[in-house]
Amino acid sequence: MCAVGTFSGATFAYDNRKYWSGEMALTLGLVGGAAILYVLGAVLLIFRTTVGRVLVIIDSVLGVIYVVAMVDHTGKSALLILATPVLIALVLAAMKPTGRWIAAKRTVHNRRM
């Protein structure tokens, strides 16, 4: 979601160069950084690391805050639909079975040695 937002924002900014502002640059930078952290967290989570889980949870919380701030700034409550994938990622990463899944890898790995 962050990558799509970054791409969309960059396209919008390029098409509307005369409206370019510091706020737009800041938003693109923050969303781009969040996209990188989200991808990194997802990859680390696939490798069953706790760091990946924490990155996904933190970035998802920041994503929800961003969407809520965007709704507050624009006044368009329909934008709340953008929080759906972020909330799904947040709930799935924060669930106890995810923690057990990560811990199971460490247990199996330790038994083989």
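Keep in mind that what you see is a predicted model, and the values were worked out from it rather than measured.

Chemist: Sorry if this is basic, but what is going on with the overall build of the chain here?
Modeler: Along the backbone of the chain there are five helices and zero strands. Secondary structure elements in the chain, listed N-terminal to C-terminal, are α-α-α-α-α. Relative to its 113 residues, the chain shows a buried fraction of 27%. Once local pairs closer than 6 in sequence are excluded, the contacts in the chain between residues at least 24 apart make up 56%. Working note: accessible area of the chain is about 7900 Å², and carbon and sulfur atoms make up 73% of it.

Chemist: I would appreciate a short explanation of the confidence of the model for the chain in the present structure.
Modeler: In regions of low pLDDT, the predicted coordinates are not meant to be interpreted in detail. Overall, the prediction assigns the chain a mean pLDDT of 81, with 75% of residues at 70 or greater. Averaged pLDDT values over the elements of the chain bottom out at 55 in helix α1 (residues 2-15) and peak at 92 in helix α4 (residues 83-94).

Chemist: In this structure, what is going on with helix α2 (residues 22-46)? I would like to understand it.
Modeler: Residues three or four positions apart in an α-helix share a direction because the helix packs 3.6 residues into each turn. With 25 residues, α2 should reach 36 Å at 1.5 Å per residue; the first-to-last C-alpha distance of 36 Å fits that figure. When α2 is considered as a whole, its buried residues turn out to be M24, L28, V31, G32, A34, A35, Y38, G41 and L45. Remark: R48 follows α2 within two positions and exhibits a positive phi of approximately 60°.

Cut-offs applied
Residues numbered from 1 in each chain as written. Predicted model: local features only at pLDDT ≥ 70, side-chain atom pairs only at ≥ 80, totals over all residues. Heavy atoms only, no water. Helix = DSSP H or I, 4+ residues; strand = E, 2+ residues; numbered from the N terminus. Buried < 20%, exposed > 50% of the residue type's maximum accessible area, 1.4 Å probe, protein only. Contact = heavy atoms within 4.5 Å. Areas by Shrake-Rupley, 256 points an atom, 1.4 Å probe, with all protein chains shown as cover. pLDDT = per-residue confidence, 0-100. Expected span 1.5 Å × (residues − 1).

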